[in-house]
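Each chain is listed here by its residues.
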Amino acid sequence: MNTYFRYGYADTYFDGSRKSDFLFVENASYNFLGTILTYGMVDKLNVEVELGYYFNLTQNYDINATKYTLEGSGLRDGAISLKYNIYKNAPKELEFTAGLGTKIPFRKNPQTVNNVELPIDVQSSDMAYGIVAQTFLYKGFIANGLHLFLLNRYENTFKNPQEYRYGQALYTSLFVSKALTTHWSLIIQVRDEWREADQRFGQSVPSSGGNTLFVAPQINYSVLQKWNLSVLADIPVFRCYEGTQLGPKYAFSLQVSKEFDFSNNKNAENGVF
Amino acid sequence: MKNALILSTAVLSVIIMLASCGSQVTEPSTPEVFKFDSLVSESYEIYFLTNPSTTITAYTTGSDLSYHWSTTAGDIFGSGKQVTYTSNPACCGGYQTISCIVISKDNSGLKKEVEIYVDF
């Protein structure tokens, strides 16, 4: 089980890779609580469920010197995946796992406040089903207290009833984890997010899609070898957007994870992340 | 003197009684007709650099009405019979449709739309 709280903030528009003077949304922020539950079904096969809730998705506008605020909230689309440990070589500390799943919307119609439909950017749900595919490659150097992880996640969301389709997304993350002490470890994540342009009524939405490179340092504290507590910062270091877009400035997460050993044999053989 | 006083009081009471009886007779009321007369925008073209927003008003007849607003793209501020509409031309320019559905207390609804052109 992995549960995390995340806060994100944005207040600057970017035109391609350069900062822009464009001003429409003065700033935007969100507070999100997510959980990932992974259960070992049989040897080498896990089922994973992702759930999350936005306490708020807020946009503050500055339109012709007049301030407005729009705020949404609610369940994010869930996901359920099957993951299979394709290769594991314990002496070589090498492991490869692949997973395939589906995104499940908890909402089919846009959220409204006082009978006024909120814009797409503050909707908590994509309001559409989708496909999620993941790969995980692990290489350990336990003698040096070093662990390397390479994660790839692909998402393809279908068109929703409002004729809006979020673009495909590919997230590639490289984690380097180094044990500092028995309890403390430092993790550095470098992550690239590529997004295809969205579509509305079959037409590409201008100023959507692009590439963002993040660096996310993380401190982890392990308790009793069962609980892990983490704090991490998500910092974009490079971006290349299509058109002019509001870009993320930073995000912070607090994370708690725990392994529940219902069956000693099952978890020992499973070997799936 | 005393008899005159009693007589005048009785006559006065009868007059008052007849007047109040007359005022309690009420005409049958005509139910207010629900009509959605028009949906009007202050401007049908908005330009980000000069007039980036417009006020849209629903003109209706009736009581206990609820106003439901949506758009093909853009942002709607406010609620009720009058709202403010804007849109980011960088992503959501061109012709956009703003819809208003007015629903009466007996759940009958009427819908009207306006089209707004959005550009820089």
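Residues numbered from 1 in each chain as written. Chains lettered and ligands numbered in written order. Predicted model: local features only at pLDDT ≥ 70, side-chain atom pairs only at ≥ 80, totals over all residues. Heavy atoms only, no water.

Colleague: Residue-level account of the sheet that holds strand β3 (residues 18-20) of chain A, with values.
Modeller: Residue and element names in this part refer to chain A. Overall, antiparallel pairing links the three strands, which are arranged β3-β2-β20 in an open sheet. Taken across any chain shown, the strands that pair with only one partner, and hence form the sheet edges, are β3 and β20 (244-247). Neighbour-to-neighbour, the strand axes of this sheet turn through a mean angle of 45 degrees, independent of strand direction. Sheet topology note: the strand β2 (residues 12-15)/β20 ladder contains four bridges and is antiparallel. The residue bridging Thr12 from the neighbouring strand is Gly247, located in β20. (Pairing = 2+ DSSP bridges. Helix = DSSP H or I, 4+ residues; strand = E, 2+ residues; numbered from the N terminus. Axes fitted to C-alpha atoms, helices over the stretch in contact; angles between N-to-C directions.)

Colleague: Explain the environment of A:Gly101 to me, and be specific about the residues and the numbers.
Modeller: All names here are of chain A. Mapped onto the fold, Gly101 is located in strand β8 (residues 94-104). Gly101 sits in the buried class, given a relative accessible area of 14%. In the structure, Gly101 is positioned 104 residues away from Val205 in sequence and 27 Å away in space, judged by C-alpha atoms. Apart from the residues lying within four places of it in its own chain, the contact partners of Gly101 are Ile80, Ser81, Gly130, Ile131 and Val132. (Buried < 20%, exposed > 50% of the residue type's maximum accessible area, 1.4 Å probe, protein only. Contact = heavy atoms within 4.5 Å.)

Colleague: Just give me the short version of the nonpolar core, but keep the residues and values in it.
Modeller: Formed by 19 residues in total, the largest nonpolar core has its most connected members in B:Leu39, B:Ile56, B:Trp69, B:Tyr85, B:Ile98 and B:Cys100. Secondary structure elements with two or more residues in this core: β1 (35-41), β3 (53-61), β4 (66-71), β6 (82-86), β7 (94-103) and β8 (109-119) of chain B. (Core = buried A, V, L, I, M, F, W, Y, C linked by side-chain atoms within 4.5 Å.)

Colleague: Before we move on, can you summarise the pairing of β8(B) with the specific residues and values?
Modeller: Residues and elements named next belong to chain B. Relative to β8, strand β2 (residues 45-47) runs parallel, the two being bridged by three bridges. Considered in β8, the bridge of Glu45 is made with Tyr117. Note that β7 and β8 share 10 bridges and pair antiparallel. The residue bridging Cys100 from the neighbouring strand is Lys112, located in β8. Counted between consecutive antiparallel strands, the loop separating β7 from β8 contains five residues, among which Asn107 sits at a positive phi close to 70 degrees.

Colleague: Before we move on, can you summarise the state of the cysteines with the specific residues and values?
Modeller: On inspection of all chains with the given rule, the structure shows one disulfide over all chains. Two residues, B:Cys91 and B:Cys92, share a disulfide whose sulfurs are 2.4 Å apart. Around the S-S axis, the bridge from B:Cys91 to B:Cys92 shows a dihedral of about -80 degrees and counts as left-handed. B:Cys91 gets classed as buried once you look at its relative accessible area, which sits at 18%. For B:Cys92, a relative accessible area of 8% corresponds to the buried category. We note that A:Cys240 lacks a disulfide partner, and the nearest cysteine sulfur, in B:Cys91, lies 18 Å from it. (Disulfide = S-S within 2.5 Å.)

Colleague: Could you give an account of the layout of surface pockets, naming the residues involved and the relevant values?
Modeller: The computed volume of the second largest pocket comes to approximately 200 Å³. Lining the second largest pocket are 14 residues, with A:Arg200, A:Phe201, B:Gly93, B:Tyr95 and B:Gln96 positioned closest to its centre. Looking at the lining of the second largest pocket, the elements that each hand over two or more residues are β17 (203-204) of chain A together with α2 (89-92) and β7 of chain B. Ranked by residues supplied to the lining of the second largest pocket, first place goes to β7(B) with four residues. (1 Å grid on protein atoms, 1.4 Å probe; cavity = no way out; pocket = protein on both sides within 12 Å on 5 of 7 lines; lining within 4 Å. Points joined across faces, edges and corners; volume = space filled by probe spheres on them.)

Colleague: Run through the sheet that holds β1(B), naming residues and quoting values.
Modeller: Residue and element names in this part refer to chain B. Reading across from one edge, β1-β3-β6-β5 is the order of the four strands in this open sheet, with antiparallel pairing throughout. In this open sheet, the two strands that pair with only one neighbour each are β1 and β5 (75-79). Ignoring strand direction, the axes of neighbouring strands in this sheet form an average angle of 20 degrees. Summarising the sheet, β5 and β6 pair through five bridges and their orientation is antiparallel. In the strand pairing of β6, Phe77 is matched with Thr84.

Purely geometric stuff here, so don't read any function into it on its own.
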